[in-house]
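Residues per chain are reported as follows:
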Amino acid sequence: MPFRPLLILGLLLAAALPQPVLAQAHLRAGPMLGYNTMREVAVWMQTDEAAAVQLRYWPVTDLKGLHYSAVAKTDGADAFCATLRADSLMPGTDYEYQIIMDGRALATPRPLRFKTQPLWEFRGDPPEVTFALGSCYYANEPAFDRPGTPYGGDYRIFRTIDTLRPDFMLWLGDNIYMRTGDFDTRGGVLHRYSHSRAVPELQGLLRNTHHYAILDDHDYGPNDSDRSYVHKDWSREAFDLFWANPPTEHPQLQPGIGTSFVYGDAEFFLLDDRTFRAPNDCKTCEPMTLLGEAQFDWLIDALVSSRARFKFVVIGGQVLNDAPVFENYAAAHKEERARLLARIAAEGLNNVVFLTGDRHHSELSHLQVGDVELYDFTVSPLTAGATGDRAKDEANTNRVEGTHVGVHNFGTITIAGPREARTLTLRVYDKGGKMLWERKLD
């Protein structure tokens, strides 16, 4: 019976941990895994009433290696949200964690786990990474929706994404849809986030996958909103309360939500296309900017300085679609778009991929600028109304043939291969998990 002592030792170690019991307060949404580094991971949650919350975490191979996060107190003024940080971590390690609520461990259907990024540089090939991406998530609420056929619904797409177990999920904007009556009160903004985040079908994906996000007009303010929106401070506050992005205080990005992060041998530049945006119909605005001069300059500097093999520029609206339609870059801000593409080409920045949403259809666009090849992977919508075939004949001369998708869908990108022969594999799936197309970029 050689395994019996090991079994007994395991049972004794497990018994040493405080056993979960039901706390008085409950989770309304989450927990959600936020940013993930080699040494620190963020975990977001929302309770249904005021509570003191904390993380207890340990390596799955060392039940005695317990660590605790700082205690946070959820409060109704902040929609009962808290972001906790596990900051005593080792690279490439599997951890299990519990949520301590009001001094007691919260019972969960399955163990809660995360894995830190590996320390691979100077040691071997970069890790294989797969991430999911999508935009335009509309959660119905009849009391505030327009009359008629519901605009959103069928949230099983989130369960489908969860089954793929991506390393992380990238939310490309319009991650909620504020309604009339929401964006003119702080309480309305927080209610919209709370309602959308609590959808039951979403909870598994929140628990099992790390999440990063940008915003676009519908999670910023009214439709097509810009820097004139008088309550954009509420938008920034709500975004910070409900997402656990890597923190940034870079002066060129304030007061927007821009930041960046590294995952494997890829770097992601999360842009804000609303806070600094000149109104689309402005005839006298100089310059006619979408990003704002400071954010624009930061982006170029950051791309030039990046040592990453792949550089993903994440922005709400399409960049490479050259048909000036709706709110894409070629519509009202074409001069800045041309300047951005020219700067990227002049700097010789290869392996730049734009990740965009907004359009309620998906497609891949490709553009050669000088010696530089650029791609724009548009993924939309998750649950909001899909365009069907209406945009199929749009005059986007840069669309890659066969990549238009007009139904509810999401995408994935896999970065794989040895260090000197890395490839990107782009895929689009429908809400049930059927792969609709695949393209490999190298």
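Residues numbered from 1 in each chain as written. Predicted model: local features only at pLDDT ≥ 70, side-chain atom pairs only at ≥ 80, totals over all residues. Heavy atoms only, no water.

(A) Focus on helix H8 (residues 334-346). The first and last C-alpha atoms of H8 sit 18 Å apart over 13 residues, in line with the 18 Å expected at 1.5 Å per residue. If you check which residues of H8 are buried, you get Glu336, Arg337, Leu340, Leu341 and Ile344. For H8, the arc enclosing every buried residue in end-on projection is 135°, short of the 170-degree limit, so these residues lie on one face. Opposite the packed face of H8, turned more than 90 degrees from it, sit the exposed residues Lys334, Glu335 and Ala346. As for H8, its buried residues are in contact with helix H6 (293-305), helix H7 (329-332), strand S16 (352-356), strand S17 (363-369) and strand S18 (372-378). Directly beyond the C-terminal end of H8, a positive phi value near 65° is found at Gly348. (Helix = DSSP H or I, 4+ residues; strand = E, 2+ residues; numbered from the N terminus. Expected span 1.5 Å × (residues − 1). Buried < 20%, exposed > 50% of the residue type's maximum accessible area, 1.4 Å probe, protein only. Arc of directions from axis to C-beta. Contact = heavy atoms within 4.5 Å.)

(B) Representation of the nonpolar core within the structure. Ranked by size, the top nonpolar core spans 70 residues in total, and within it Phe131, Leu170, Phe268, Phe312, Leu355, Phe377 and Ile413 carry the most contacts. The contacts of Phe131, once residues within four sequence positions are left out, are Pro166, Phe168, Leu170, Phe268, Phe312, Leu355, Gly411, Thr412, Ile413 and Ile415. (Core = buried A, V, L, I, M, F, W, Y, C linked by side-chain atoms within 4.5 Å.)

(C) View of the pattern of salt bridges. By the definition in use, this model includes 21 salt bridges. Of the charged contacts in the structure, one is a salt bridge between Asp182 and Arg192, with a shortest N-O distance of 2.7 Å. Pair noted here: Asp182 is in the loop between strand S11 (168-172) and helix H3 (186-197) and Arg192 is in helix H3, with a separation of ten residues, a long-range link. Each member of the pair, Asp182 together with Arg192, is buried. The closest approach of N and O atoms between Glu293 and Arg339, which form a salt bridge, is 2.9 Å. Placement of the pair is Glu293 in helix H6 and Arg339 in helix H8, with a sequence separation of 46 residues. For Glu293, a relative accessible area of 34% puts it in the partly exposed group. Judged by its relative accessible area of 32%, Arg339 is partly exposed. Three or more residues are tied together by salt bridges with common partners; here these are Asp216, Asp273, Arg274, Arg277 and Glu327. (Salt bridge = Lys/Arg side-chain N within 4 Å of Asp/Glu carboxyl O.)

(D) Quick look at the packing of aromatic side chains. A complete count under the given rule lists 27 aromatic pairs for this structure. With a centroid separation of 6.4 Å and an interplanar angle of 65°, the aromatic rings of Tyr57 and Tyr95 are classed as edge-to-face. In this pair, Tyr57 is assigned in strand S3 (residues 51-59) and Tyr95 in strand S7 (residues 94-101), connecting sequence segments 38 residues apart. Each member of the aromatic cluster is reached from another via a ring pair, and the members are Phe131, Phe168, Tyr212, Phe261, Tyr263, Phe268 and Phe312. The aromatic ring of Trp44 is capped on one face by Arg197, whose charged end is 4.6 Å from the ring centroid. The ring of Phe296 has Arg339 lying over it, and the distance from NZ or CZ to the ring centre is 4.1 Å. (Phe/Tyr/Trp six-rings, centres within 6.5 Å; stacked < 30°, edge-to-face > 60°. Lys NZ or Arg CZ within 6 Å of the ring centre and 35° of its normal.)

(E) Focus on H6. With 13 residues, H6 should cover 18 Å at 1.5 Å per step; its first-to-last C-alpha distance of 18 Å lies within 8% of that length. Regarding H6, the residues found buried are Gln295, Phe296, Trp298, Leu299, Ile300, Ala302 and Leu303. On its buried side, H6 packs onto strand S13 (259-263), strand S14 (266-270), strand S15 (310-314) and H8.

(F) Here's a closer look at the pairing of S14. The element S14 is extensively covered by neighbouring structure, given that five of its five residues are classed as buried. Of the two faces of S14, the one lined by Ala266, Phe268 and Leu270 and the one lined by Glu267 and Phe269 are each fully buried. In the sheet, S13 pairs with S14 via five bridges, with the strands oriented antiparallel. When the bridges of S14 are listed, Ser260 appears paired with Phe269. Hairpin connection, S13 to S14: the antiparallel pair is bridged by two residues, and Gly264 has positive phi, about 65°. Sheet topology note: the S14/S15 ladder contains five bridges and is parallel. Within S15, the residue paired with Glu267 across the bridge is Lys311. Crossover connection from S14 via H6 to parallel S15: handedness right-handed. (Pairing = 2+ DSSP bridges. Right-handed = clockwise from strand over helix to strand, strands pointing away.)

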